[in-house]
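One letter stands for each residue in the lines below.
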Amino acid sequence: MKAKNNASIYSALAANLLIAVTKFIAGGFTNSSSMISEGIHSMVDTVNQVLLLYGLKRSHKPPDSTRPFGYGKELYFWSFIVSILIFGLGGGISIYQGIIHIIKPEPVISPFWNYMVLAMSAIFEGTSLIIAIKAFDKLRNGQTWWAAIVKSKDPSSFLVLFEDGAAVLGLTIVFIFMLIGHNYDMHYLDGVASVLVGLLLVFVSAILARESRSLLMGEGIAPQTQHRIRLLVEKDPAVIRVVNVLSTYQAPDDVILMLIVEFEPDIDTEDITASIERVRLAIKTMFPLIKLVFVQPQTYTRVPNNLFEIKKP
């Protein structure tokens, strides 16, 4: 799975680096603000791929004395940084460039070169998008695209998909507005295209930031999974019920689970310990992503006046 995700990231990195240089050259030569904005977009995407690869590498570091639960959340942190860069550098600068050229529109010189760059960019970005789509499609497991994105705990699996999709849509916007503006001498449309590309990037960054923030803040397993765990644990003969289920994703493939479990009141500590081991084994067998299972026993003992008091071994 890691190799597949990395393949889509590497393909996007190579495509964006080549495209960014080409767009900057064409934009400077033809005096096109929308092409400069597209160059900024591609350069930001290139930096994002590097940061994402760095986050993936850091997230696989083994636990140590300072990080006993590992470095898995490094991926969530760098994914959040990527969303900020898309918002600030990609969206903000593109909108700023566009507004300037709307206020003071300038004619595009030799737009032929811009069209050539857009065509080449569409080929590179489209290829990268197809690779990203195929990689993410294998992770959906029959879910709708949006449901798979929302439920995914691996930002690297959909971040490249969003970036490449936004890139292809941005190229389409720039091409349409540049064509209309050049043929009808509406030079301000070049700036409008730049603003629209910027707004597109702001929208994408908001979605990525939302998903990364949720995981970074300690998102837990889904309610359906919690319910299945409750049913599994309550099958054990020593267990009365599961009082609470607490969990957090340390990484896309690493979940920490804590259960508060009410045991039968008449069993001893040895029986509780045996039950806990059975519960841990059953959970890890059914849910391989759960790496650590902590069980907090809770038993009740009868006291005078038919009341109960809680005892926690």
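Residues numbered from 1 in each chain as written. Predicted model: local features only at pLDDT ≥ 70, side-chain atom pairs only at ≥ 80, totals over all residues. Heavy atoms only, no water.

> Even after reading the chapter, I still don't get helix H2 (residues 33-59), so can you show me in this structure?
Each full turn of the α-helix corresponds to 3.6 residues, which orients residues three or four apart in the same direction. Compared with an ideal rise of 1.5 Å per residue, which puts 27 residues at 39 Å, H2 spans 38 Å between its outermost C-alpha atoms and is within 8% of the ideal. Summarising burial for H2: 20 of the 27 residues are buried, a large majority. (Helix = DSSP H or I, 4+ residues; strand = E, 2+ residues; numbered from the N terminus. Expected span 1.5 Å × (residues − 1). Buried < 20%, exposed > 50% of the residue type's maximum accessible area, 1.4 Å probe, protein only.)

> In this structure, what is going on with the pairing of strand E1 (residues 239-251)? I would like to understand it.
If a strand is regular, its side chains alternate between the two faces of the sheet. Bridge count for E1 against strand E2 (residues 254-263) is 10 bridges, and the pairing is antiparallel. Note on E2: the bridge partner recorded for Arg-241 is Glu-262. Between E1 and E2, which follow one another and run antiparallel, lie 2 residues. (Pairing = 2+ DSSP bridges.)

> I tried to follow the layout of surface pockets on my own but got confused; where do I start?
Using a probe with the size of a water molecule, rolled over the atoms, empty space left in the structure can be pinpointed. The calculated volume of the largest pocket comes to roughly 1,300 Å³. Lining of the largest pocket is provided by 44 residues; of these, Lys-153, Tyr-249, Pro-252, Asp-253 and Leu-289 occupy positions nearest its centre. No other element matches helix H8 (residues 223-233), which puts 3 residues into the lining of the largest pocket. For the lining of the largest pocket, the class distribution of residues is 21 nonpolar, 12 polar and 11 charged. (1 Å grid on protein atoms, 1.4 Å probe; cavity = no way out; pocket = protein on both sides within 12 Å on 5 of 7 lines; lining within 4 Å. Points joined across faces, edges and corners; volume = space filled by probe spheres on them. Nonpolar A, V, L, I, M, F, W, Y, C, P; charged D, E, K, R; others polar.)

> Please explain the environment of Gly-28 as it appears in this structure.
Tracing the chain through its elements places Gly-28 in helix H1 (residues 2-30). For Gly-28, a relative accessible area of 59% gives the class exposed. Residues Gly-28 and Ile-109, spaced 81 residues apart in sequence, show a C-alpha to C-alpha distance of 9.8 Å.

> Whenever I open this one, the packing of H2 against helix H7 (residues 189-216) confuses me. Can you help?
When two helices pack together, you describe them by how their axes are tilted relative to each other and by the distance separating the axes. Put simply, H2 and H7 touch, their axes get as near as 7 Å, and they point 20° apart. Here H2 lies roughly parallel to H7, going by the angle between them. Contact with H2, carried on its side by Ser-33, Ser-34, Ser-37, Glu-38 and His-41, involves Asp-190, Gly-191, Ala-193, Ser-194, Val-197 and Leu-201 of H7 and no other residues of that element. Class assignment for the residues of the contact of H2 with H7 results in 3 nonpolar, 6 polar and 2 charged. (Axes fitted to C-alpha atoms, helices over the stretch in contact; angles between N-to-C directions. Parallel < 35°, antiparallel > 145°, perpendicular 65-115°, else oblique. Contact = heavy atoms within 4.5 Å.)

> Please explain unusual backbone geometry as it appears in this structure.
For residues besides glycine, phi is generally negative; the peptide bonds are generally trans as well. Although it is not a glycine, Asp-185 adopts a positive phi angle of roughly 55°. Looking at the secondary structure, you find Asp-185 in the loop between helix H6 (155-183) and H7.

> Please clarify how a nonpolar patch on the surface should be interpreted in this entry.
On the surface, a nonpolar cluster with roughly 400 Å² of combined accessible area is contributed by Phe-69, Leu-246, Met-258, Leu-292 and Phe-294. For Leu-246, a relative accessible area of 41% puts it in the partly exposed group. (Patch = residues over 30% accessible without salt bridge, like charges linked within 9 Å, V, L, I, M, F, W, Y side chains within 5 Å. Areas by Shrake-Rupley, 256 points an atom, 1.4 Å probe, with all protein chains shown as cover. Salt bridge = Lys/Arg side-chain N within 4 Å of Asp/Glu carboxyl O.)

> Explain the UniProt feature "transmembrane region" (unreviewed entry) in the protein chain to me, please; I cannot follow it from the model alone.
Those residues carrying the UniProt feature "transmembrane region" (unreviewed entry) are residues 7-29, 75-100, 112-136, 157-180 and 192-209 in this numbering. From the first C-alpha to the last, residues 75-100 spans 36 Å; its make-up is 100% helix and 0% strand. (UniProt positions renumbered as here; feature names shortened; annotations may be inferred.)

> What's the story with empty space enclosed by the protein in this structure? I'm lost.
For the coordinates displayed, the defined rule picks out 2 cavities of 30 Å³ or more. In this structure, the second largest cavity is lined by Leu-18, Ile-19, Thr-22, Val-117, Met-120, Ser-121 and Phe-124. Those elements that place two or more of their residues in the lining of the second largest cavity are H1 and helix H4 (111-137). The element best represented in the lining of the second largest cavity is H4, accounting for 4 residues. Here the lining of the second largest cavity is built from residues that sort into 5 nonpolar, 2 polar and no charged.

> Is there a simple way to think about the nonpolar core in this case?
Most often, soluble globular proteins keep nonpolar side chains buried together rather than apart. With 38 residues, the main nonpolar core has Leu-118, Phe-162 and Leu-208 as its most contacted residues. Breaking this core down by element, the ones donating at least two residues are H1, H2, helix H3 (74-103), H4, helix H5 (145-151), H6 and H7. No other element matches the 9 residues that H6 contributes to this core. Ranked by size, the runner-up nonpolar core spans 24 residues in total, among them Tyr-76, Val-245, Ile-276 and Val-279. (Core = buried A, V, L, I, M, F, W, Y, C linked by side-chain atoms within 4.5 Å.)

> Even after reading the chapter, I still don't get the packing of H6 against H7, so can you show me in this structure?
Closest axis-to-axis distance for the H6/H7 pair is 8 Å, and the angle between their directions is 170°. In terms of orientation, H6 and H7 fall into the roughly antiparallel class. Counted by class, the contact of H6 with H7 contains 21 nonpolar, 3 polar and 2 charged residues.

> Quick question: what am I supposed to make of the confidence of the model for the protein chain here?
Any region with low pLDDT has predicted coordinates that should not be read closely. Chain-level pLDDT for the protein chain is 85 on average; 94% of the residues reach the 70-or-more range. No element of the protein chain has a lower mean pLDDT than strand E4 (residues 307-311), which averages 47, and none a higher one than H8, which averages 95. Contacts from residues 306-313, a stretch scored under 50 in pLDDT, to residues over four places away or in other chains number 22 contacts. (pLDDT = per-residue confidence, 0-100.)

> Explain the UniProt feature "domain: Cation efflux protein transmembrane" (unreviewed entry) in the protein chain to me, please; I cannot follow it from the model alone.
Those places that UniProt annotates as "domain: Cation efflux protein transmembrane" (unreviewed entry) correspond, in this numbering, to residues 11-217. Strand forms 0% of residues 11-217 and helix 81%; the C-alpha atoms that close the span are 30 Å apart.

> Help me understand the pattern of salt bridges in this model?
Once the charged atoms of two side chains with opposite charge are near each other, the side chains can pair. Enumeration according to the criterion identifies 7 salt bridges in this entry. Here Glu-74 makes a salt bridge to Arg-58, at a shortest N to O gap of 2.8 Å. With Glu-74 in helix H3 and Arg-58 in helix H2, this pair connects stretches of sequence that are 16 residues apart. Residue classification places Glu-74 among the buried residues on the basis of a relative accessible area of 17%. Glu-211 is the salt-bridge partner of Arg-210, the closest N and O atoms lying 2.3 Å from each other.

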